[in-house]
Amino acid sequence: MLFSLEPKSRREDLFNFNYELTNLTNALRGSGRLIAITGLRRTGKTSLMRVALNESGIHYLYIDVRLSIYANYGDLVNLIAKSLNDFIFKRTSMPGKVRDALRGLNGIEVSLNPPGIRVRFRGKGKLSIGDLFVRLNEIGEPIIVAFDEAQELRRVNWLRFDRLFAYIYDNLPNVKLLVSGSQFSLLYDFLGLNNPRSPLFGRAYLEVRTRRLSPDEALDFLERGFSEVRVNCPRDLMRRAVDAFDGIIGWLTYFGYSYSVNNMRDFDEILRAASSLALEELRSLISALRSSRYIIILRTLAQGPAPWRVIRYRLEDHEGRSINPATVSQLLGTLIRLGVIEEKGGEYAISDPVYRLAAGQL
Ligand SMILES: Nc1ncnc2c1ncn2[C@@H]1O[C@H](COP(=O)(O)OP(=O)(O)OP(=O)(O)O)[C@@H](O)[C@H]1O
Ligand SMILES: [Mg+2]
């Protein structure tokens, strides 16, 4: 169903994005070792990733790094165990081979009855994530390891993932890495592909970007979605949604779902609900940044795009003293890296219209 809220996994639930899907599926089947999916929040990265993984016909592990709040060892190993369970017992046509490859690996127990994998993450016999990848390589068939929202791995301080990735890239030819990120600058900083001091420096990679839908595509998406659930939505309301959500497919889905499944018929009410969701996300992003200056910037940009100098005035007004230009640029740079704002034609703007609404309430 087009309007279902969870990320899509099946081709028939994926609206458009044929170009992106073909690119990604070809990349997964090709010889490239590292593939990145980047794009703003809610533009369909996870959906594209899942559908392409299913379509590729190649074995894969899928690990959603965002689930892990503390990023401690047990947390991450549990995520990996979950993905291994999915892999061995649900998807693979070669459970025997995988079990053989994992046999004797410290910290992993494979049981058949009931089917499942148990992973030890404490003490001497704990699982080494590096060894696990070596064993996956030894299965002798290509396997993709997908890290959704991989920039979160930068918070893991007990394992240098960039080094592990470089090791996999250089030495484990059967293991292909797929990573996604909404905070693409953070993702690229974490991977260090352009940083001469980092282990992955200079390696070739492929990038697939998700995008906003055009207004025509957005309208088409809503029409098809409503016709699929057999709900009548007035055309002018659909047009309002197309205007308000600026082609971000996640918000269009949210609108369609709220209207048809939750029976919310008042557009402003749906928009308010979306914006409180966005407000929560925005608050948790900036609370991690620990500076009220971000709030001033976002409140300023909630009123519309603004040039650097206006943002500086607002900050100075608020603090009643002058602020170093470099500091202003640094603050803006951080928000850009988080994917919250963008710079276009000399002005800064909040990328997502619902975030823009939410920012007015900060
Ligand atoms: N091509 C598509 N067709 C139909 N629905 C889609 C499509 N792409 C995304 N969606 C819907 O949009 C929402 C966001 O999608 P998804 O989670 O895949 O995006 P994302 O970029 O991974 O988001 P986030 O940045 O929050 O992780 C979900 O409700 C999903 O079902
Ligand atoms: Mg996602």
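Predicted, not measured: the structure shown is a model, and the values here were computed from it.

Looking at the domain arrangement of the protein
A common way to report how large an interface is uses the accessible area buried once the components associate. Examined at the domain level, the protein breaks down into domain 1 (17-209) and domain 2 (290-362). For domain 1 and domain 2, the distance between their C-alpha centres works out to 35 Å. Of the residues lining the interface, 7 residues belong to domain 1; the matching set on domain 2 comes to 6 residues. When grouped by side-chain class, the residues that make up the side of domain 1 that touches domain 2 number 3 nonpolar, 3 polar and 1 charged.

Concerning the site of ligand 1
In the vicinity of ligand 1 there are 22 residues, among which Phe 15, Gly 44, Thr 46, Ser 47 and Gly 250 approach most closely. Listing elements by their share of the shell around ligand 1, those giving two or more residues are helix H2 (45-56) and helix H10 (249-260). Residue composition of the shell around ligand 1, by class: 7 nonpolar, 10 polar and 5 charged.

A short note on the pairing of strand E4 (residues 115-119)
Judged from the 5 bridges that link them, strand E3 (residues 108-112) and E4 form a sheet pairing that is antiparallel. When the sheet's bridge partners are listed, Ile 108 is paired in E4 with Val 119. Hairpin connection between E3 and E4: a loop of 2 residues separates the two successive antiparallel strands.

Thoughts on the nonpolar core
Leu 61, Ile 144, Val 145, Ala 146 and Phe 147 are the most contacted members of the largest nonpolar core, which totals 53 residues. Of all the elements, helix H3 (residues 73-91) adds the most residues to this core, at 7 residues. Excluding residues that lie within four positions of it along the chain, Phe 147 makes contacts with Ile 63, Val 65, Leu 153 and Val 179. Leu 213, Ile 249, Tyr 254 and Leu 331 belong to the second largest nonpolar core, which has 41 residues in total.

Brief notes about helix H1 (residues 18-29)
The end-to-end C-alpha separation of H1 is 16 Å, in line with the 16 Å expected for 12 residues at 1.5 Å each. Turning to H1, its buried residues are Glu 20, Leu 24, Thr 25, Ala 27 and Leu 28. Taken around the axis of H1, the buried residues stretch over an arc of 160°, which confines them to a single face. With respect to the buried face of H1, the exposed residues turned more than 90 degrees away are Asn 18 and Tyr 19. For H1, the elements touching its buried residues are strand E1 (34-38), H2, strand E5 (143-148) and strand E7 (206-209).

The rules behind each value
The residue numbering used here restarts from 1 in each chain and proceeds along that chain's sequence as written. Chains and ligands are labelled sequentially in the order written, the chains with letters from A and the ligands with numbers from 1. A pLDDT threshold of at least 70 governs which residues receive local features in this predicted model, and a stricter bar of 80 or more applies before side-chain atom pairs are shown or counted, although totals over entire chains, interfaces and linings include all residues. Source of the domain bounds: an automatic or database domain assignment. Here, residue contact means that the backbone-derived C-beta atoms of the two residues sit within 7 Å. Residue classes follow a fixed rule: Ala, Val, Leu, Ile, Met, Phe, Trp, Tyr, Cys and Pro count as nonpolar, while Asp, Glu, Lys and Arg count as charged, and any other residue, Gly among them, counts as polar. Whether a residue is near a molecule or strand depends on its C-beta atom, generated from backbone atoms, being within 6 Å of that molecule or strand. For the purposes of this entry, the term helix denotes a DSSP run of H or I that reaches at least four residues, the term strand denotes a run of E that reaches at least two, and both are numbered from the N terminus. The pairing criterion is simple: DSSP has to find at least two bridges between the two strands. Joining buried Ala, Val, Leu, Ile, Met, Phe, Trp, Tyr and Cys residues through C-beta atoms within 7 Å gives a set, and that set is a nonpolar core. As a rule, residues whose C-beta atom has 12 or fewer other C-beta atoms within 10 Å are exposed, those with 20 or more are buried, and those in between are partly exposed; C-beta atoms are placed from the backbone. A helix is expected to span 1.5 Å for every residue after the first. Arc, as used here, means the arc of the directions from the helix axis to the C-beta atoms.

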